[in-house]
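Tertiary structure, described
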Amino acid sequence: MTEKPAHLALYRRWRPQRFSEVVGQEEIVQTLRNAVASDEAAHAYLFAGERGIGKTSVARILARAVNCPNRVEGEPCNECPTCKAILANRSLDIIEIDGASNRGIDHIRRLREEVNFAPTDLRRKVYIIDEVHMLTNEAFNALLKTLEEPPSHAIFIFATTEPHKVPRTIVSRCQAFEFRRIPAGRIAGHLRRVAEAEGMELTAGALETIARRANGGMRDALVMLEQAISHGGRPITADAVLDMLGLVDRETHAAFIEAIERNDQRRVIETIDSLVERGKDLEIFLADVIEAIRDRLLNGEGPAEREIAIARGLLDVKADLFRALDRRIRLEIGVLDLMARLNPDRTSSGNTGAEEPVAAERTVEDTPPSGPPIPEGIAPIWNGMLAEIEKERIAIAAFLLEGRPNLEDGRLIIRFPRRCSFHKESLEKTSNLQYLAGSVRRHFGDDVRVEVGYEGEKGGGSGGDSLFEAAQLVCRMFDGEIIKEEK
Ligand SMILES: [Zn+2]
């Protein structure tokens with residue numbers, strides 16, 4: 001860090017200023033450093049990934065690195081007049097554009113005119129376009145023309161949280177990097193260094209809680225750290241952090257799920273009572289419980305069918321909770337009602353939780369088909385694929401059971417009834433869709449694309465095409481590998 005004026009927010013003060021300071025994106029920054037060091041920076045980069053994980057920071061470091069006359073091994077010196085001018089936002093040759101608020105053709109037209117002028121005071125003009133997927137199609141087309149023949153002094157860096165919305169014609173002209181969510185352990189380690197340097201006192205548990213809660217984003221983690229400190233108390237403990245965020249610990253989520261599974265009504269009511277007493281946000285609690293079930297499903301823990309039924313029921317309760325005047329009662333009734341539906345042959349309540357889970361585990365094969373039949377032509381292939389998926393990824397097989405496949409124009413469209421939004425959305429998670437796309441190609445043929453949608457929709461739903469492209473893109477970027485498609 002070069003300067004740390006105290007009035008700046010913590011995450012700004014600790015924004016990485018060199019490639020080596022970027023946490024959790026090592027392969028990407030190493031590749032960029034090498035390119036800068038050998039004077040082989042590309043003309044266009046696409047930085048894809050969640051918000052708050054370092055895309056813009058790396059873009060700014062790159063902008064200095066390609067311009068710094070004193071760079072060492074691809075790193076900017078951050079001391080020379082050039083670096084200082086860029087750090088202070090004083091250079092006219094570093095142009096940052098927010099794609100969300102400048103999405104129209106006019107902005108890109110202006111950019112196209114200006115880009116051809118030589119830089120004013122630097123070696124390279126660097127255009128950083130954030131949230132580039134927000135550009136209109138017209139604007140993308142104009143941008144494409146520039147990318148087809150970029151002036152040698154210009155570098156474009158596009159950042160996006162939704163790479164599947166960026167046209168492939170643009171993507172193919174960029175060197176693309178997928179920024180990863182930063183592992184919680186790495187975030188905790190960085191928070192520890194920041195806390196030490198800033199003289200903050202937090203327990204290891206508090207740091208871990210923040211790191212986990214940040215969901216892979218360093219910016220969110222630093223914002224939470226700053227909140228925790230201003231919240232007071234020394235040292236700050238994990239409980240204090242959870243309190244501050246209105247959250248409960250993971251053990252409570254797990255115990256709540258277990259109580260539902262065991263039909264332990266007393267335990268469910270007691271848990272809700274205690275949440276209300278401690279002033280916890282019931283909606284966030286429910287969302288976290290659903291998230292915990294989703295994690296279990298994706299990790300292949302527990303019988304998938306039953307967990308899906310619980311998650312679906314809780315999602316319904318959550319939707320109602322939003323409207324309810326008395327959230328506590330709505331939550332209690334909603335969960336008890338769900339438990340009654342899960343255990344139709346049981347009326348008892350308040351068991352101690354020592355018994356076996358009430359309903360027998362249903363395997364995937366037991367589930368009766370509920371929708372229209374699978375078209376005869378593809379039924380054998382579909383069932384063969386399901387049988388294979390069942391062995392590898394039971395949760396995905398369980399999601400698929402509620403869907404009706406159909407082969408249309410080289411696309412395998414899997415449609416779900418509206419009530420199965422949880423199934424559909426779970427399949428749409430990138431890693432699942434990626435897995436599914438691979439299975440479909442193996443079983444239905446290399447050219448067959450998969451789409452997921454709702455019943456009654458013509459194609460695979462609005463997101464079908466772009467989702468497929470997202471999966472493809474992620475596939476190609478897998479393991480942080482760089483895509484470089486030569487023109
Ligand atoms: Zn410099």
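Structure report, in brief. (Residues numbered from 1 in each chain as written. Predicted model: local features only at pLDDT ≥ 70, side-chain atom pairs only at ≥ 80, totals over all residues. Heavy atoms only, no water.)

Turning next to the overall build of the protein chain. For the protein chain, the helix and strand inventory stands at 21 helices and 8 strands. In the protein chain, which comprises 487 residues, the share counted as buried stands at 48%. For the protein chain, long-range pairs separated by at least 24 residues make up 73% of all intrachain contacts whose partners lie at least 6 apart in sequence. If you sum the accessible surface of the protein chain, you get close to 23300 Å²; carbon and sulfur atoms cover 47% of it. (Helix = DSSP H or I, 4+ residues; strand = E, 2+ residues; numbered from the N terminus. Buried < 20%, exposed > 50% of the residue type's maximum accessible area, 1.4 Å probe, protein only. Contact = heavy atoms within 4.5 Å. Areas by Shrake-Rupley, 256 points an atom, 1.4 Å probe, with all protein chains shown as cover.)

Here arginine 294 lies in helix H14 (residues 282–298). Dropping the residues within four chain positions of it, arginine 294 is found in contact with Phe422, Glu425, Ser426 and Lys429.

Within the fold, alanine 379 resides in helix H17 (residues 379–392). Distance in space between the C-alpha atoms of alanine 379 and proline 405 is 8.8 Å, their sequence separation being 26 residues.

The next point concerns the coordination of the zinc ion. Protein coordination at the zinc ion comes from Cys68 (SG), Cys77 (SG), Cys80 (SG) and Cys83 (SG), with a distance range of 2.3 Å. With 4 donor atoms in place around the zinc ion and angles of 102 to 120° between them, the coordination shape is tetrahedral. On the primary sequence, the residues serving as donors to the zinc ion are separated as C-x8-C-x2-C-x2-C. On the criterion of sequence distance, the pair formed by cysteine 68 in the loop between helix H3 (55–65) and helix H4 (81–87) and cysteine 83 in helix H4 is long-range, its members being 15 residues apart. In terms of burial, cysteine 68 and cysteine 83 fall into one category: buried. (Donors = N, O, S within 2.8 Å, 3.2 Å for Na, K, Ca; no water. Tetrahedral: all angles 85-135°; square planar, octahedral: opposite > 155°, others 65-115°.)

Along any regular strand, the residues point their side chains to alternate faces of the sheet. Most of strand S3 (residues 125–130) is tucked away: 5 of the 6 residues are buried. Looking at chain direction, strand S2 (residues 94–98) and S3 are connected through 5 bridges and run parallel. The partner of isoleucine 97 across the bridge, within S3, is isoleucine 129. One crossover worth recording links S2 to the parallel S3 by way of helix H5 (residues 105–115), and it is right-handed. The pairing of S3 with strand S4 (residues 154–160) spans 5 bridges and is parallel. From the neighbouring strand, isoleucine 128 faces S4, where its bridge partner is isoleucine 157. (Pairing = 2+ DSSP bridges. Right-handed = clockwise from strand over helix to strand, strands pointing away.)

Turning our attention to the pairing of strand S7 (residues 411–416). In terms of burial, S7 is largely enclosed, as 5 of its 6 residues are buried. Note: strand S6 (residues 404–408) against S7, 5 bridges, orientation antiparallel. Each residue of the ladder has a partner; that of asparagine 406, found in S7, is isoleucine 413. Between S6 and S7, which pair antiparallel one after the other, the connecting turn spans 2 residues, and aspartate 409 there sits at a positive phi close to 50°. Judged from the 6 bridges that link them, S7 and strand S8 (residues 449–454) form a sheet pairing that is parallel. The partner of leucine 412 across the bridge, within S8, is valine 450.

Purely geometric numbers; function is a separate question.
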